[in-house]
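Examination of the molecular architecture
Here is how the chains run, residue by residue.
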Amino acid sequence: MSKLPPIEKKDAEWKAELTPEQYHIARNEGTERAFTSPLNNEKRKGEYHCIGCQTVLWSSDHKYDSGSGWPSFFQPASDGVVEVKTDYKLASARTEVHCASCGAHMGHVFEDGPAPTGLRYCINGSVLQFEPEEE
C-alpha cells in the first residue's frame, strides 16, 4: 500500500470534532487509564477506525487479550496505515504509534506480543471507532 494522503486540520477543528479525552490522546499524545475502554473487551469481528480520519487501522483478526488494559493488536490492518516514532517521555525510550493519514496518536508498540509478529500494539480505545462486521 502506498503512503496515505495526509489529512491536515487546524487545532480548532480537532477540538470541535473530538471529545476532550480524544483530543488529549490524539493530539497531545496522552494515554487513557488502563481497563477503561469498552473496546478492550470487544470480541466481535470488525474493523477499528481512526477517530480523526476514519482510516481502518486495526482488524479484529489481529486483536488479542494482552492483559495490559488496552486494546492490543499484533499488527495493523494493512501496510502503511500507521507510523512509529521514538518517545522519550518516560525514563526509557518507547515506540509511539500514530495514524499515518492524520497523525493521531494511537498508543505504543512493544516487542512482547504473540506470533507471527512478536509485536504488541497497545492502543488507546478512546481514539478508535469500532465497526462490527455485518452478520
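Heads up: these notes are all about the structure in this document. (Residues numbered from 1 in each chain as written. Predicted model: local features only at pLDDT ≥ 70, side-chain atom pairs only at ≥ 80, totals over all residues. Heavy atoms only, no water.)

**A few points about the overall build of the chain**
When helices and strands are counted, the chain shows two helices and nine strands. Ordering the α and β elements of the chain from the N terminus gives α-α-β-β-β-β-β-β-β-β-β. Expected size for 135 residues packed as a compact globule is a radius of gyration near 14 Å; at 14 Å, the chain falls within 12% of this value. Taken over the C-alpha atoms alone, the chain extends approximately 45 × 40 × 35 Å along its principal axes. (Helix = DSSP H or I, 4+ residues; strand = E, 2+ residues; numbered from the N terminus. Rg over C-alpha atoms; globule rule 2.2 N^0.38 Å.)

**Considering the sheet that holds strand β2 (residues 56–59)**
Ordered in space as β2-β1-β9, the three strands form an open sheet in which the pairing is antiparallel. Either end of the sheet is taken by a strand with one partner, and the two such strands are β2 and β9 (128–132). Sheet twist, expressed as the mean angle between neighbouring strand axes with direction ignored, is 30 degrees. Pairing geometry for strand β1 (residues 46–50) and β9, over five bridges, is antiparallel. Looking at the pairing, Tyr48 lines up with Phe130 of β9. (Pairing = 2+ DSSP bridges. Axes fitted to C-alpha atoms, helices over the stretch in contact; angles between N-to-C directions.)

**Concerning the environment of Val127**
The residue Val127 is located in the loop between β8 (120–123) and β9 in this model. Separated by 102 residues in the primary sequence, Val127 and Ile25 have C-alpha atoms spaced 7.2 Å apart. In this view, Val127 contacts Gln22, Ile25, Ala26, His49, Cys50, Ile51, His105 and Met106; residues no more than four positions away in its chain are not counted. (Contact = heavy atoms within 4.5 Å.)

**A few points about the side chain of His98**
With respect to the helices, strands and loops of the structure, His98 is situated in strand β6 (residues 94–99). On the accessibility criterion, His98 (10% relative accessible area) is buried. One polar contact links His98 to Glu29, side chain to side chain, over a distance of 3.4 Å. There is a polar contact of 3.1 Å between the side chain of His98 and the backbone oxygen of Gly103. Non-local contacts of His98, meaning those with residues more than four positions away in its chain, are made with Glu29, Val81, Val82, Glu83, Lys85, Gly103, Ala104, His105 and Met106. (Buried < 20%, exposed > 50% of the residue type's maximum accessible area, 1.4 Å probe, protein only. Polar contact = N/O pair within 3.5 Å; in protein donor to acceptor, adjacent residues only side chain to side chain.)

**Some words on a negative patch on the surface**
Taken together, the side chains of Glu47, Glu131, Glu133 and Glu135 make up a negatively charged region of the molecular surface. For Glu131, the location among the structural elements is in strand β9. (Patch = residues over 30% accessible without salt bridge, like charges linked within 9 Å, V, L, I, M, F, W, Y side chains within 5 Å. Areas by Shrake-Rupley, 256 points an atom, 1.4 Å probe, with all protein chains shown as cover. Salt bridge = Lys/Arg side-chain N within 4 Å of Asp/Glu carboxyl O. Lys, Arg positive; Asp, Glu negative; His and termini not counted. Charge placed at Lys NZ, Arg CZ, Asp CG, Glu CD.)

**Notes on the sheet that holds strand β3 (residues 63–64)**
Pairing is antiparallel across the open sheet formed by six strands, whose spatial order is β3-β4-β8-β7-β6-β5. Of all the strands in the sheet, the pair left with one neighbour each is β3 and β5 (82–87). Alignment of β3 against strand β4 (residues 72–73), held across two bridges, turns out to be antiparallel. The partner of Lys63 across the bridge, within β4, is Phe73.

**Remarks on the environment of Glu83**
Among the structural elements, Glu83 can be located in strand β5. By relative accessible area, which is 37% here, Glu83 ends up partly exposed. On a C-alpha basis, the gap between Glu83 and Gly103 in space is 8.3 Å, while along the polypeptide they are 20 residues apart.

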